[in-house]
Amino acid sequence: MAPFPQSNAISFLVGALVIAALACAGVALYQSGHSAGEEGERKTWQAKWDRQSAELAEARAQNVQLAREEEQRRQRTIDKVRQDAEQQIARVETDAAAASVVAAGMYEQASRLAARASQCSSHSSTAQSGDAAGQSAVVLADLLSRADARAGELAKAYDRARASGLACQSAYLSLKNPD
């Protein structure tokens, strides 16, 4: 009966070894499955992040392009407004120069009339009143030339300021209300 306990011990050891081997195999399978699951999940999330990153980069590039186009549109609008204002200011200065020529002609004519008035007053019968009339004509001609010169300066300044103001307003409205 002695062999019986020994065979029992061997079969117990063989069973224990089989159980241990199965347990090790199960643990190895679990770990490899768990690692494969983790790797698959990581790859899935990485693909999602990469796709979202690409979408965001594309959206950013489109927004940058749109911003550049808007900036260029605004600059073209401002350049056009500036060009129009410069043309209007040039017209104002041309008109002011033409007005100065007309004013010079008027001053010449007033001076001639004043000189004629002072020549007319040289008659002996109206000597006293003629001198006053001649001097009055000279004073009036001088006043006329000064007033006209000042009016020309004011008109030129006003026209220039108006053209600049309208250009500023146009530039502001073009940026505020893009068409």
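None of the values given here were measured: they were computed from a predicted structure.

Rules used throughout
- Residues numbered from 1 in each chain as written.
- Predicted model: local features only at pLDDT ≥ 70, side-chain atom pairs only at ≥ 80, totals over all residues.
- Heavy atoms only, no water.
- Helix = DSSP H or I, 4+ residues; strand = E, 2+ residues; numbered from the N terminus.
- Buried < 20%, exposed > 50% of the residue type's maximum accessible area, 1.4 Å probe, protein only.
- Contact = heavy atoms within 4.5 Å.
- Areas by Shrake-Rupley, 256 points an atom, 1.4 Å probe, with all protein chains shown as cover.
- Phe/Tyr/Trp six-rings, centres within 6.5 Å; stacked < 30°, edge-to-face > 60°.
- Lys NZ or Arg CZ within 6 Å of the ring centre and 35° of its normal.
- Salt bridge = Lys/Arg side-chain N within 4 Å of Asp/Glu carboxyl O.
- Core = buried A, V, L, I, M, F, W, Y, C linked by side-chain atoms within 4.5 Å.
- Patch = residues over 30% accessible without salt bridge, like charges linked within 9 Å, V, L, I, M, F, W, Y side chains within 5 Å.

A.B. asks: Break down the overall build of the protein for me, citing the residues and quoting the values.
C.D. replies: Across its full length, the protein holds two helices and zero strands. By residue count, 11% of the 179 residues in the protein fall in the buried class. Expressed as a percentage of contacts within the protein between residues at least 6 apart in sequence, the contacts between residues at least 24 apart total 79%. Accessible surface computed for the protein: about 14,100 Å², of which carbon and sulfur atoms make up 61%.

A.B. asks: I'd like to hear about the environment of E41, residue by residue, with values.
C.D. replies: Position of E41 relative to the elements: it lies in helix α1 (residues 3-120). Residue classification places E41 among the partly exposed positions, given a relative accessible area of 44%.

A.B. asks: How would you summarise the packing of aromatic side chains if you had to cite specific residues and measurements?
C.D. replies: Within the structure shown, the criterion is met by one aromatic pair. Considering the side-chain rings of W45 and W49, the 6.2 Å spacing of their centres and the 40° angle between planes classify their relative orientation as tilted. Of this pair, W45 and W49 both sit in helix α1, four residues apart, roughly one helical turn. Taking the relative accessible area as the measure of exposure, W45 reaches 38% and is therefore partly exposed. The positively charged end of K48 is found above the aromatic ring belonging to W45, 4.4 Å away from the centroid.

A.B. asks: An account of the pattern of salt bridges is needed here, citing residue identities and associated values.
C.D. replies: One pass over the full model with this rule turns up seven salt bridges. We note a salt bridge from R82 to D79, for which the minimum N-O separation is 3.3 Å. Of the two residues, R82 and D79 are both situated in helix α1; the distance of three residues between them amounts to about one turn of the helix. The exposure class of D79 is partly exposed, given its relative accessible area of 35%. With a shortest N-O distance of 3.2 Å, K80 and D84 are connected by a salt bridge. Here K80 pairs with D84, and both are found in helix α1, just four residues apart, close to one helical turn. Overall, K80 belongs to the partly exposed group, its relative accessible area being 48%.

A.B. asks: Kindly report on the nonpolar core, identifying the contributing residues and their values.
C.D. replies: Among the nonpolar cores identified, the biggest contains five residues, and these are I78, V81, A85, A167 and A171. Contributions of two or more residues to this core are made by α1 and α2 (127-176). With three residues, the single largest contributor to this core is α1.

A.B. asks: Give me the lowdown on the side chain of S174, citing residues and values where you can.
C.D. replies: Following the sequence through the fold, S174 ends up in helix α2. The exposure class assigned to S174 is buried, which follows from its relative accessible area of 15%.

A.B. asks: An account of a nonpolar patch on the surface is needed here, citing residue identities and associated values.
C.D. replies: Where nonpolar side chains cluster on the molecular surface, the patch consists of I10, V14, V18 and L22 and spans about 370 Å² of accessible area. Looking at V14, the relative accessible area reads 47%, which means it is partly exposed.

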